[in-house]
Amino acid sequence: MTDDIAAPRTDGYLGDASVRAEWDDRYADRQQLWSGRPNGALVAEVAGLTPGRVLDVGCGEGADAIWLARGGWDVTAVEVSGVALDRAAAHARDAGVSVHWIHAELTEADLAPGSFDLVSAQYPALLRTPEATAERALLASVKVGGVLLLVHHVVDAEHAQEAGFDPEDYVLPATVAALLTGDWEVEVHEQRPREIEGGAGAHHHEDVVLRARRVR
């Protein structure tokens, strides 16, 4: 199930229009927002996994999706920003790889439950709700035997709130880990150093990494 590598699905957006507009504006403000390289935690944690179907949540400009596709994965990538998807598709075309692009919020995307061998969410901006909708959407997408990989920055809550950002408003590894039942085995849940050069977010130097496998 793939789209033409030169044509992202930017029509028929599924989700909150204000969220799309916010991220479109952020991407449009720069010719390139991120570093253009796959995230280090993804590269480290995917090593040794057998390629299968992968969901890239919040794919941005496509660096992770393209790296995964080059590694033999069948990639579905979800993103709210049409500006980002246009860039991602162009990068995929240049790389000669195929990715299935979905222009939607994760919670609104039409994804079959339990259909992915790997669900990767690298620094996602997923809003928390009382029903834990986003967290449950992440978990529901993983097939039995598959892996959920969620990575986020270690954020100083006081400094973040001074800047008008409350980390408690967003899905974090800890909020997902709290929902894991006996159907899951936590393989990694740790804080580790992060090294990156260039791109937004380069000032963050520590991550929290959660990798959990669905066992039934």
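What comes next is a walk through the structure. (Residues numbered from 1 in each chain as written. Predicted model: local features only at pLDDT ≥ 70, side-chain atom pairs only at ≥ 80, totals over all residues. Heavy atoms only, no water.)

## Section: the overall build of the protein
Check the secondary structure of the protein and you find 7 helices and 7 strands. Going from N to C terminus, the protein has its helices and strands arranged as α-α-β-α-β-α-β-β-α-β-α-α-β-β. Counting all 216 residues of the protein, 46% fall into the buried class. Of all intrachain contacts in the protein linking residues separated by at least 6 positions in sequence, the fraction that spans at least 24 positions is 74%. A total of about 10,500 Å² of accessible surface is found on the protein, and carbon and sulfur atoms cover 47% of it. (Helix = DSSP H or I, 4+ residues; strand = E, 2+ residues; numbered from the N terminus. Buried < 20%, exposed > 50% of the residue type's maximum accessible area, 1.4 Å probe, protein only. Contact = heavy atoms within 4.5 Å. Areas by Shrake-Rupley, 256 points an atom, 1.4 Å probe, with all protein chains shown as cover.)

## Notes on the nonpolar core
For soluble globular proteins, nonpolar side chains are generally found buried alongside one another. Counting residues in hydrophobic clusters, the biggest one holds 26 residues, and the most contacted among them are Leu68, Trp73, Val75, Val99, Trp101 and Leu118. Elements with a minimum of two residues in this core: α2 (40-46), α3 (63-70), β2 (74-79), α4 (82-95) and β5 (142-153). Counting 25 residues, the second-largest nonpolar core is a separate cluster that includes Val78, Phe116, Ala137 and Leu139. (Core = buried A, V, L, I, M, F, W, Y, C linked by side-chain atoms within 4.5 Å.)

## Some remarks on the packing of helix α1 (residues 17-28) against α4
It is at 7 Å that the axes of α1 and α4 come closest, and there the two elements cross at 50°. If you check the angle between α1 and α4, you find them oblique. Counting all contacts with α1, which are made through Asp24, Tyr27 and Ala28, the residues of α4 involved are Gly82, Val83, Ala84 and Arg87. For the contact of α1 with α4, a count of residues per class yields 4 nonpolar, 1 polar and 2 charged. (Axes fitted to C-alpha atoms, helices over the stretch in contact; angles between N-to-C directions. Parallel < 35°, antiparallel > 145°, perpendicular 65-115°, else oblique. Nonpolar A, V, L, I, M, F, W, Y, C, P; charged D, E, K, R; others polar.)

## Brief notes about the pattern of salt bridges
One pass over the structure, following the stated rule, counts 12 salt bridges. Between Glu61 and Arg87 there is a salt bridge, and its shortest N-O distance comes to 2.8 Å. Highlighted residues: Glu61 in the loop between β1 (53-57) and α3 and Arg87 in helix α4, separated in sequence by 26 residues. Side by side, Glu61 and Arg87 carry an identical accessibility label, which is buried. Residues Arg128 and Glu135 are paired through a salt bridge, measuring 3.9 Å at the closest nitrogen-oxygen approach. (Salt bridge = Lys/Arg side-chain N within 4 Å of Asp/Glu carboxyl O.)

## A word on the sheet that holds strand β7 (residues 206-214)
Spatial ordering of the open sheet is given by β3-β2-β1-β4-β5-β7-β6, a layout of 7 strands whose pairing is mixed. Strands at the two margins of the open sheet, each flanked by one partner only, are β3 (100-103) and β6 (184-193). Direction aside, the axes of adjacent strands within the sheet are offset by 15° on average. As paired strands, β2 and β3 are joined by 4 bridges and run parallel to one another. What sits directly across from Glu79, in β3, is His103. Lying over the sheet, α3 contacts β1, β2, β3 and β4 (116-122), oriented at roughly 175° with respect to β2. (Pairing = 2+ DSSP bridges.)

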